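# Structural features, examined
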Amino acid sequence: MTFLSVMRKDLRLHARDARFLATLLLFSASLVLILSVAFGPIFKDPTREASATLWAALFFAGVLGLTRSLDLEGESGGGDALRLTGADPYSLYLGKTAANFLLLSGVFVLVLPIASIFFDVGNLEVLPGVLGVAALGLIGYAAWGTLFAALARGLKARELLLSVLLFPSLVPLWIGAVKLTHSLWAEGTVEPVRDWIKVMAVADILGLALAAFLYELIQEATE
Amino acid sequence: MNTAIPSWWRGVGAALWALAAILLGASLWAIWNYAPTEVQMGIVQKIVYVHVPSATMTLCAFGLTFAASIAYLTTKQWAWDAVAAASCELGMVFATVVMVTGPLWARSAWNTWWTWEPRLTTFLILWILYAGYHVVRSSIRSSSKRTVSSILGIILFVNLPVVWMSIQWWRGSLHPRNVTMTGEMRTTLLLSMGAWMVFFAAALLTRLRLEWIREDALERDLAGARTPEAGRAGA
């Protein structure tokens, strides 16, 4: 299947680049450190501050991953070779999105314990819920991020443009993720902010659906 | 491709500018002399006659960008891309008016310049995203500029229903869900709405004319470069 092949290819290339992975992980850990120092040393509302820090670090560090996935397309004509195979563009998009999602999930697995330790929040009981929120948030991030990254391919100052377009688009996802994580850590349930699950799910579906219509056009435009 | 500007274009544009000037003058007169001053907010309430029409025109302009973007991707005619870009620029002007008049109202009505309520937050996101549209558009020099801009015009449209429905979907909105105006206030608001609409049409035609001139110049340059004389001169 094209989708799986593209995903495996991107993940393999990420895995071979130890320097990139180390930079990504150090950058995200540094963001958590900086934000926890900014909020601390005495936290007013640790669960709120920790959830905001966790997701801010993830979203900022995620841009590095998206930019790198763009570079993979450009290196050694990899992107052109993929298009020459005649594979369905949406399958290519889904493969890249899945690879970005798994990369971001890896960052999440690293950042979550750091934020939990620094802010002294969270417990194993709510961990499945937090992982569910992470899945919703990161699927949307990967879906929208891959779409915008494809659009920014070949542009000048693309990292800047990616941030300018991507972060405002992700605000519903970011607010939802922060509110749900905060609710889980503070009250052990998502009930008070349950509506945000719907908002995040809609954002995820919308990103994937828009790509189904537009990704082929984006590919043609940025060739 | 014939890129010459039709002769009627300038005439229609001039007529629309004249009508816009008359209507804007009339709406200003109505705001100050015809509409009564609201009892609680006083003179600050008159901001509504600029704020609401600007917000409406913002949504119309970005909606037109969306429609023209689809039309460009379907037909690949440069004129649709020009309409999308021109409409988006005007939408940004109207959106900026909304962002300036909103806090002026908020300071008087809610005792704060800014609050993170749903309509304000979603509108700010909209403003940033469409500003990003212009940044992206101006940074592309290649032939893909029109296609990339059109795709962006479609993607960003997703935010319009969110802005419109934000006060229904989220609690804690300070914006009223329904505004009922009667008498002179209603008439003044409708007059302002009409004036801004004609202003938008006039400005759009003028902006399109500039785009037309640019396209014509580009066409002439290309035609000049294709002649044998130009080729010898280049060599």
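Rules used throughout
Residues numbered from 1 in each chain as written. Chains lettered and ligands numbered in written order. Predicted model: local features only at pLDDT ≥ 70, side-chain atom pairs only at ≥ 80, totals over all residues. Heavy atoms only, no water. Helix = DSSP H or I, 4+ residues; strand = E, 2+ residues; numbered from the N terminus. Buried < 20%, exposed > 50% of the residue type's maximum accessible area, 1.4 Å probe, protein only. Contact = heavy atoms within 4.5 Å. Areas by Shrake-Rupley, 256 points an atom, 1.4 Å probe, with all protein chains shown as cover. Lys, Arg positive; Asp, Glu negative; His and termini not counted. Charge placed at Lys NZ, Arg CZ, Asp CG, Glu CD. Phe/Tyr/Trp six-rings, centres within 6.5 Å; stacked < 30°, edge-to-face > 60°. Core = buried A, V, L, I, M, F, W, Y, C linked by side-chain atoms within 4.5 Å. Buried area = accessible area lost by both parts, 1.4 Å probe. Salt bridge = Lys/Arg side-chain N within 4 Å of Asp/Glu carboxyl O. Polar contact = N/O pair within 3.5 Å; in protein donor to acceptor, adjacent residues only side chain to side chain. Nonpolar A, V, L, I, M, F, W, Y, C, P; charged D, E, K, R; others polar. Patch = residues over 30% accessible without salt bridge, like charges linked within 9 Å, V, L, I, M, F, W, Y side chains within 5 Å. Axes fitted to C-alpha atoms, helices over the stretch in contact; angles between N-to-C directions. Parallel < 35°, antiparallel > 145°, perpendicular 65-115°, else oblique. Left-handed = near helix turned anticlockwise from the far one by under 90°.

### Remarks on the overall build of chain B
If you tally the helices and strands in chain B, you get 8 helices and 0 strands. Classification of the 235 residues of chain B by burial places 44% in the buried group. Long-range pairs, those at least 24 residues apart, make up 79% of the contacts in chain B between residues at least 6 apart in sequence. Counting every atom, chain B has about 12200 Å² of accessible surface; 66% of that belongs to carbon and sulfur. Within chain B, the 11 negative side-chain charges are centred at a point lying 4 Å from the centre of the 18 positive side-chain charges.

### Let's talk about the overall build of chain A
When its secondary structure is counted, chain A shows 9 helices and 0 strands. Starting at the N terminus, the α and β elements of chain A follow one another as α-α-α-α-α-α-α-α-α. Seen along its three principal axes, the alpha-carbon backbone of chain A occupies a region of about 55 × 35 × 30 Å. Within chain A, residue pairs in contact and separated by at least 24 positions form 83% of the contacts whose partners lie at least 6 positions apart.

### Points about the packing of aromatic side chains
All names here are of chain B. This model, assessed by the stated rule, comprises 18 aromatic pairs over all chains. Pairing F94 with F199 gives two aromatic rings, centres 6.2 Å apart and planes at 85°, and the pair type is edge-to-face. A residue pair is termed long-range when its members are at least 10 positions apart, and F94 in helix α3 (residues 78-109) and F199 in helix α7 (residues 183-226) qualify at 105 residues. Relative to F200, the ring of F94 lies with its centre 6.2 Å away and its plane at 55°, an arrangement referred to as tilted.

### Looking at the nonpolar core
Within the largest apolar cluster, 106 residues are counted, with the highest numbers of intra-cluster contacts made by W55, F108 and F148 of chain A together with I155 of chain B. Contacts of I155 of chain B, omitting those with residues within four sequence positions, involve W144, L147, F148, L151, L210 and L214 of chain A. Formed by 7 residues, the second largest nonpolar core is a distinct cluster that contains Y49, M181, M185 and L189 of chain B.

### Structural notes on the interface of chain B and chain A
Accessible area lost upon the coming together of the parts serves often as the stated size of an interface. Counting from both sides, the interface comprises 20 residues of chain B and, opposite them, 21 residues of chain A. Taken together, both faces of the contact between chain B and chain A bury some 1900 Å²; the carbon and sulfur share is 85%. Joining chain B to chain A, the criterion identifies 0 salt bridges. If you look at where chain B meets chain A, you find 0 residue pairs in polar contact (both at pLDDT 80 or more). Where the side of chain B that touches chain A is concerned, the elements lending two or more residues are α4 (118-139) and α5 (145-157) of chain B. Tallying contributions element by element places α4 of chain B first for the side of chain B that touches chain A, with 8 residues. For the side of chain B that touches chain A, the residue count by class is 15 nonpolar, 4 polar and 1 charged.

### Here we look at a nonpolar patch on the surface
Residue and element names in this part refer to chain A. Residues L33, V37, I117 and F118 make up a contiguous nonpolar surface patch of about 400 Å² in total accessible area. Only α2 (18-39) and α5 (89-119) provide two or more residues apiece to the nonpolar patch. With respect to the helices, strands and loops of the structure, V37 is situated in helix α2.

### Regarding the side chain of Q45 of chain B
Mapped onto the fold, Q45 of chain B is located in the loop between α1 (7-34) and α2 (48-75). Owing to a relative accessible area of 5%, Q45 of chain B belongs among the buried residues under this scheme.

### Remarks on unusual backbone geometry
Unlike most non-glycine residues, D120 of chain A shows phi in positive territory, near 55°. Mapped onto the secondary structure, D120 of chain A falls in the loop between α5 and α6 (127-152).

### Some remarks on the environment of L131 of chain A
Examined against the element boundaries, L131 of chain A turns out to sit in helix α6. C-alpha separation for the pair L131 of chain A and L208 of chain A, spaced 77 residues apart in sequence, amounts to 21 Å.

### Focus: the packing of helix α7 (residues 158-169) of chain A against α4 of chain B
Contact geometry of α7 of chain A with α4 of chain B gives a least axis separation of 9 Å together with a crossing angle of 155°. Comparing their axes, α4 of chain B and α7 of chain A come out roughly antiparallel. Judged by the twist between their axes, the crossing of α7 of chain A over α4 of chain B is left-handed. Of the residues in α4 of chain B, those touching α7 of chain A at L161, V164, L165, P168 and S169 of chain A are I125, I128, L129, G132, Y133, V135, V136 and S139 of chain B. Each residue belonging to the contact of α7 of chain A with α4 of chain B can be placed in one class, and the counts come to 10 nonpolar, 3 polar and no charged.

By themselves, these observations are geometric and do not establish any function.
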